[in-house]
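# Observations on the three-dimensional arrangement
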Amino acid sequence: MKTIAIAGTFDTKGAEFLYVKSVIESLGLKTFTIHSGVFEPMFTPDVTNIEVAGAAGADLREIAARKDRSAGTAVLAQGMEQIVPKLYAEGKFDAILSFGGTGGTSIVTAGMRALPIGVPKLMVSTVASGNTAPYVGTSDIIMFPSIVDVSGLNSFSTKIFTNAAHAIAGMVKFESAAPMDKKPLIAATMFGVTTPCIDYAREHLESHGYEVLVFHATGTGGRTMESLIEAGFIDGVLDLTTTEWCDELVGGVLAAGPNRLEAAGRCKVPQVVSTGALDMVNFGPYDTVPEAFRGRNLYKHNPSVTLMRTTVEENRQLGGILADKLNSSQGPTVLMLPLKGVSMLDVEGEAFHGTEEDKMLFDTLRQRIDRGTVELIEMNTDINDQAFAVAAADKLMELMKRQ
């Protein structure tokens, strides 16, 4: 019999959680309750808040005595991050479900994010229709809008709670038993303006028996790829689209953070890297572009996305950043330069064609790359040329076979 973990603030929402517990058990599933509230629960849980806080090395009794809910919330979030994956590894549950507002959501999702990808995890929350990035991160948490606050049982809340319980029950009851052939797993990065390159490379790699996961280089995509590399899922990296560094450097909306382009090198995973879409910074609709950039070379990609051409100076800085990241690699690393353009827009006749900008980027990389650590390959094509894509894929397969 499958078990659903129900985690949450049983001190303030005890009736609501007991209702959900009864729904799940009526479906023929077991429940496993984890109390993540600061104060005494309204019913006896399987895991107490004292145990949760203890996993973070804190004594919740002292915090509760001070009635310091803020400190308690922070400690409980840290504790959930430690104890939830441990309980899962011990076989205590098969999926996890929770309900809450901002506080409850931040506590429980800390634990959910620490679970392996593929473990069903569903968070019913008042903030599910807003910016969920702080709660979901790079995990596969399902955010389910609560519509009304998680406060009391009424005709709206009971329907939402029941739907959520049935959803998590379906996830554990109807798992696919079909085995999949285990193939070496490659992570590749793509943007709209580098799509042909990655399509060519993916098809070539798949024809040679590899499985390719393509990540859209939109900030979340890059962070997710890095986290999967860190977790040991990835056997090779085809990081041909490093555009997220433009947004990180200049202030665009699709930055992946300062640790982008580090995981493969740190984990000794073979990687082939290129300069895909380093010609552009991303903003939203045209009227959202910061005033300071209004005189720049802007391109309306679609009504929701405005692109800005990177300058010569920005390309100098981008070249230095990429070189520093790759020079720190502890595994097989190749940098490939497409000398005739780094995106669809950076070719002769297109809006971002920039001879001086590209020259600065390539020259900086040539000067800064440590040739003892990074192999440098230059090709007289643009990045979307089939020859470039196939050469990159072949090089990655060569590196992987050496491992």
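What you are looking at is a predicted structure, and each value in this text was computed from that prediction instead of being measured.

This part takes up the sheet that holds strand β10 (residues 280–283). Pairing is antiparallel across the open sheet formed by three strands, whose spatial order is β10-β12-β11. Each end of this open sheet is capped by a strand with a single partner; those strands are β10 and β11 (298–302). For this sheet, the mean angle separating the axes of adjacent strands, direction not counted, is 30 degrees. As paired strands, β11 and strand β12 (residues 305–309) are joined by four bridges and run antiparallel to one another. For Tyr 299, the partnering residue across the bridge sits in β12 and is Leu 307.

In terms of domain boundaries, the protein chain breaks down into domain 1 (3–174) and domain 2 (185–401). Averaged C-alpha coordinates put domain 1 and domain 2 at centres separated by 38 Å.

What follows covers the sheet that holds strand β14 (residues 374–379). Read from one edge of the open sheet, six strands run β7-β6-β8-β9-β13-β14, paired in parallel fashion. In this open sheet, the two strands that pair with only one neighbour each are β7 (211–216) and β14. Within this sheet the neighbouring strands show an average axis-to-axis angle of 20 degrees, counted without direction. Sheet topology note: the strand β6 (residues 185–190)/β7 ladder contains six bridges and is parallel. The residue bridging Thr 189 from the neighbouring strand is Phe 215, located in β7. Sitting on the sheet, helix α13 (residues 355–368) is in contact with β13 (333–338) and β14, with an inclination near 155 degrees to β13.

A word on the packing of helix α1 (residues 14–26) against helix α7 (residues 155–173). For the pair α1 and α7, interaxial distance at closest approach is 9 Å and the crossing angle is 45 degrees. Classified by the interaxial angle, the pair formed by α1 and α7 is oblique. The two elements α1 and α7 meet at a crossing, and its hand is right-handed. In this structure, α1 contributes Glu 16, Tyr 19, Val 20, Val 23 and Ile 24 to the contact, and α7 contributes Thr 158, Phe 161, Thr 162, Ala 165 and His 166. For the contact of α1 with α7, the residue count by class is six nonpolar, three polar and one charged.

Let us now look at helix α4 (residues 69–89). Compared with an ideal rise of 1.5 Å per residue, which puts 21 residues at 30 Å, α4 spans 30 Å between its outermost C-alpha atoms and is within 8% of the ideal. Gly 72, Val 75, Leu 76, Ala 77, Gly 79, Met 80, Ile 83, Val 84 and Leu 87 are the residues of α4 that are buried. Check the buried side of α4 and you find it contacts β1 (3–8), β2 (30–35), α2 (49–55), α3 (60–65), β3 (95–100) and α5 (102–113). Phi turns positive one or two residues past the end of α4, at Gly 91, with a value near 80 degrees.

What follows deals with the nonpolar core. The nonpolar side chains of a soluble globular protein tend to be buried, and buried together. Ranked by size, the top nonpolar core spans 30 residues in total, and within it Ile 34, Met 80, Phe 93 and Ile 96 carry the most contacts. Among the secondary structure elements, those contributing two or more residues to this core are β1, β2, α2, α3, α4, α5 and α6 (133–136). Filtering out sequence-adjacent residues up to four positions away, Met 80 remains in contact with Ala 7, Ile 34, Ser 36, Val 52, Pro 85, Ile 107, Val 108 and Gly 111. The next biggest cluster of nonpolar side chains, apart from the first, holds 26 residues, and it includes Leu 261, Leu 278, Leu 298 and Leu 322.

The next point concerns the pairing of strand β9 (residues 271–274). For a regular strand, side-chain orientation follows a simple rule: the groups alternate between the two sheet faces. Here β9 shows a buried face lined by Gln 271 and Val 273 and a second buried face lined by Val 272 and Ser 274. Relative to β9, strand β8 (residues 236–239) runs parallel, the two sharing three bridges. Residue Val 237 lies in a different strand from β9, and its bridge partner there is Gln 271. As paired elements, β9 and β13 share four bridges and run parallel to each other. Pairing of Val 273 across the sheet is with Leu 335, part of β13.

With 13 residues, α1 extends 18 Å between its outermost C-alpha atoms, agreeing within 8% with the 18 Å of an ideal straight helix rising 1.5 Å per residue. Among all positions of α1, only Gly 14, Glu 16, Phe 17, Val 20, Val 23 and Ile 24 are buried. Looking at the packing, one finds that the buried side of α1 touches β1, β2, β3 and α7. Looking one or two residues past α1, Gly 28 carries a phi angle of roughly 85 degrees, positive in sign.

Per the counting criterion, the structure on display carries seven aromatic pairs. Seen in terms of ring centroids, Tyr 88 and Phe 93 are 5.6 Å apart; in terms of plane orientation they differ by 55 degrees. Their pairing is tilted. Their ring planes at 65 degrees and their centres at 6.1 Å tell us that Tyr 299 and Phe 352 sit as a pair that is edge-to-face. Separated by 53 residues along the polypeptide, Tyr 299 in strand β11 and Phe 352 in the loop between β13 and α13 bring together distant segments of the chain. Pairwise contacts between aromatic rings join Phe 10, Phe 17, Phe 43, Phe 99 and Phe 161 into one cluster. The lysine or arginine in question, Lys 300, covers the ring of Tyr 286, its NZ or CZ lying 4.8 Å from the ring centre.

Analysis parameters
Residues numbered from 1 in each chain as written. Predicted model: local features only at pLDDT ≥ 70, side-chain atom pairs only at ≥ 80, totals over all residues. Heavy atoms only, no water. Pairing = 2+ DSSP bridges. Helix = DSSP H or I, 4+ residues; strand = E, 2+ residues; numbered from the N terminus. Axes fitted to C-alpha atoms, helices over the stretch in contact; angles between N-to-C directions. Domains from an automatic or database assignment. Contact = heavy atoms within 4.5 Å. Parallel < 35°, antiparallel > 145°, perpendicular 65-115°, else oblique. Left-handed = near helix turned anticlockwise from the far one by under 90°. Nonpolar A, V, L, I, M, F, W, Y, C, P; charged D, E, K, R; others polar. Expected span 1.5 Å × (residues − 1). Buried < 20%, exposed > 50% of the residue type's maximum accessible area, 1.4 Å probe, protein only. Core = buried A, V, L, I, M, F, W, Y, C linked by side-chain atoms within 4.5 Å. Phe/Tyr/Trp six-rings, centres within 6.5 Å; stacked < 30°, edge-to-face > 60°. Lys NZ or Arg CZ within 6 Å of the ring centre and 35° of its normal.

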